[in-house]
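# An overview of the molecular structure
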Amino acid sequence: MADASLQEPARGAVPRGALGAAPAILYDFLWATAFVPSRVLARGAPPLGILAIRFAIASGILLAIAAASRLPIPRDGKTWLRLFALGVGSNALYLGLTYVALRHLSAGMGSIIASTNPLILALLAPSFLGEPLTRRKLVGLLLGFGGVVLAMHARAGAQTARVQDVLLALAGVVAFVFSNIVYKRMLWRPHPLVLNGAQLLCAAIALVPAALLLEGVPRVAWTAPVLWSMAYLIVVLSVGASMLWFWILQHGEASRVSAWFFLTPAFGLLLSAILLDEQLTRVDGAALAVIGTGLWLAARG
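Calculation criteria
Residues numbered from 1 in each chain as written. Predicted model: local features only at pLDDT ≥ 70, side-chain atom pairs only at ≥ 80, totals over all residues. Heavy atoms only, no water. Helix = DSSP H or I, 4+ residues; strand = E, 2+ residues; numbered from the N terminus. Buried < 20%, exposed > 50% of the residue type's maximum accessible area, 1.4 Å probe, protein only. Contact = heavy atoms within 4.5 Å. Areas by Shrake-Rupley, 256 points an atom, 1.4 Å probe, with all protein chains shown as cover. Patch = residues over 30% accessible without salt bridge, like charges linked within 9 Å, V, L, I, M, F, W, Y side chains within 5 Å. Salt bridge = Lys/Arg side-chain N within 4 Å of Asp/Glu carboxyl O. pLDDT = per-residue confidence, 0-100. Core = buried A, V, L, I, M, F, W, Y, C linked by side-chain atoms within 4.5 Å. Axes fitted to C-alpha atoms, helices over the stretch in contact; angles between N-to-C directions. Parallel < 35°, antiparallel > 145°, perpendicular 65-115°, else oblique. Left-handed = near helix turned anticlockwise from the far one by under 90°. Nonpolar A, V, L, I, M, F, W, Y, C, P; charged D, E, K, R; others polar. Expected span 1.5 Å × (residues − 1). Bend = angle between axes of the 7 residues up to and from the residue. Polar contact = N/O pair within 3.5 Å; in protein donor to acceptor, adjacent residues only side chain to side chain.

All right, on to the overall build of the protein chain then. From N to C terminus, the protein chain includes 13 helices and two strands. The buried share among the 301 residues of the protein chain stands at 47%. When contacts within the protein chain are restricted to residue pairs at least 6 apart in sequence, long-range pairs at least 24 apart make up 92% of them. Surface accessibility of the protein chain: about 14,300 Å² in total, with carbon and sulfur atoms responsible for 69%.

This is how it looks when you write it as structure tokens:
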């Protein structure tokens, strides 16, 4: 067992409603805002290489703050093995496979595949986490997923999605689900700054050989848009949103809080309408209503 002086005990779920919807809604909104800067980076850099650079810089920021704050760093191998599994699943595999798949998958189809996350986690949670899958929660999750499909099916593109791309994106989702299970099963966890910095460092290390093998030495066109996009994704997503997600996951049932992922494509639609003047249709309105109903049921399941 890890040295208790280096870590803080993992806390159980708080009572229903104690967490509130605000942190989860903020998390989904932050992820929805990542679409534009991610597209900018995709045009100016190889995806795996730029992810490794992003994770390395973000981990450096967090671990520097942890060191300046004199927070203890775990020294036992078991804790670092869990942190490595956490980083590989939640970042290296999830985002890495998703970025590779989205070279050929449409954004709409990618959103649909990503939204299988709450369903997969809900099916695994009873066995791995002891979280019950009630009928109301299941109906809520199915409604939420149905709402995403309703909103995104027309945007998924007319072309047939390649099976290998769908499987890559789905494998990334499964990796993220299991990383959440790893986190929830950790009896002792480092301080959040240390945990997030360490798992991002592990993700960067894991991505380096894959990036070199598949893409070679990364050649990045460091234009102003690329620099600003990189800074936004590092500070807001890899540092801010990741810290927020682990806090949310620590304080609630994994299968329940993951249902809020259905809001990410919904926020994407709203931001596109506001910033890009894309028109919302009646189908979009119906889809948002279905997603909202599903979330209401899942939260009370």
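Having seen it, we continue.
What follows is about a nonpolar patch on the surface. Taken together, the side chains of Ile-57, Ile-61 and Ile-65 make up a nonpolar region of the molecular surface, amounting to roughly 220 Å² of accessible area. When you line up the elements, Ile-57 lands in helix H3 (residues 47-68).

When pLDDT is averaged across the protein chain, the result is 84; 89% of the residues are at 70 or more. Every residue in residues 1-19 scores below 50 in pLDDT, and together they form 44 contacts with partners more than four places removed in sequence or on other chains.

Moving on, we come to the environment of Gly-44. Here Gly-44 is to be found in helix H2 (residues 35-44). Between the C-alpha atom of Gly-44 and that of Arg-219, which follows or precedes it by 175 residues, the distance is 8.6 Å. Those residues in contact with Gly-44 that lie beyond four places of it in its chain are Arg-219, Val-220, Ala-221 and Val-226.

It is generally the case that most residues other than glycine have a negative phi and that most peptide bonds are trans. Of note in the backbone geometry, Arg-70 takes a positive phi value of approximately 60° without being a glycine. Arg-70 sits in the exposed class, given a relative accessible area of 76%.

One recurring pattern in soluble globular proteins is that nonpolar side chains are buried together. Ranked by size, the top nonpolar core spans 76 residues in total, and within it Phe-55 and Trp-245 carry the most contacts. It is helix H10 (residues 224-251) that provides the largest number of residues to this core, a total of twelve residues. If we ignore the near neighbours within four places in the chain, the residues touching Trp-245 are Tyr-27, Phe-176, Asn-180, Val-257, Ser-258 and Phe-261.

The N-to-C vectors of H2 and H10 enclose an angle of 130°; their axes lie 9 Å apart at closest approach. The angle between the axes of H2 and H10 places the two elements in the oblique class. The way H2 lies across H10 gives a crossing that is left-handed. Counted together, Pro-37, Ser-38, Val-40, Leu-41 and Gly-44 of H2 and Pro-225, Val-226, Ser-229, Met-230, Tyr-232 and Leu-233 of H10 form the full contact between these two elements. Along the lines of polarity and charge, the residues of the contact of H2 with H10 split into eight nonpolar, three polar and no charged.

Our focus in this paragraph is the pattern of salt bridges. Scanning all chains against the criterion turns up two salt bridges. One salt bridge connects Lys-137 with Glu-253, and the closest N-O pair in it is separated by 3.2 Å. Of this pair, Lys-137 sits in helix H7 (residues 135-152) while Glu-253 sits in the loop between H10 and helix H11 (254-257), and the two are 116 residues apart along the sequence. Three or more residues are tied together by salt bridges with common partners; here these are Lys-137, Glu-253 and Arg-256.

Across its 28 residues, H10 extends 39 Å between first and last C-alpha, which sits within 8% of the 40 Å expected from 1.5 Å per residue. Its maximal kink placed at Ala-241, H10 deviates by approximately 30°.

A separate point is the environment of Glu-131. Mapped onto the elements of the fold, Glu-131 is located in the loop between helix H6 (117-128) and H7. When the C-alpha positions of Glu-131 and Arg-256 are compared, they lie 9.1 Å apart, and in sequence the two are 125 residues distant. Not counting residues within four places of it along the chain, the set of residues in contact with Glu-131 comprises Ala-125, Pro-126, Lys-184, Glu-253, Ala-254 and Ser-255. A polar contact of 2.9 Å, which involves the side chain of Glu-131, links it to the backbone nitrogen of Ala-254.

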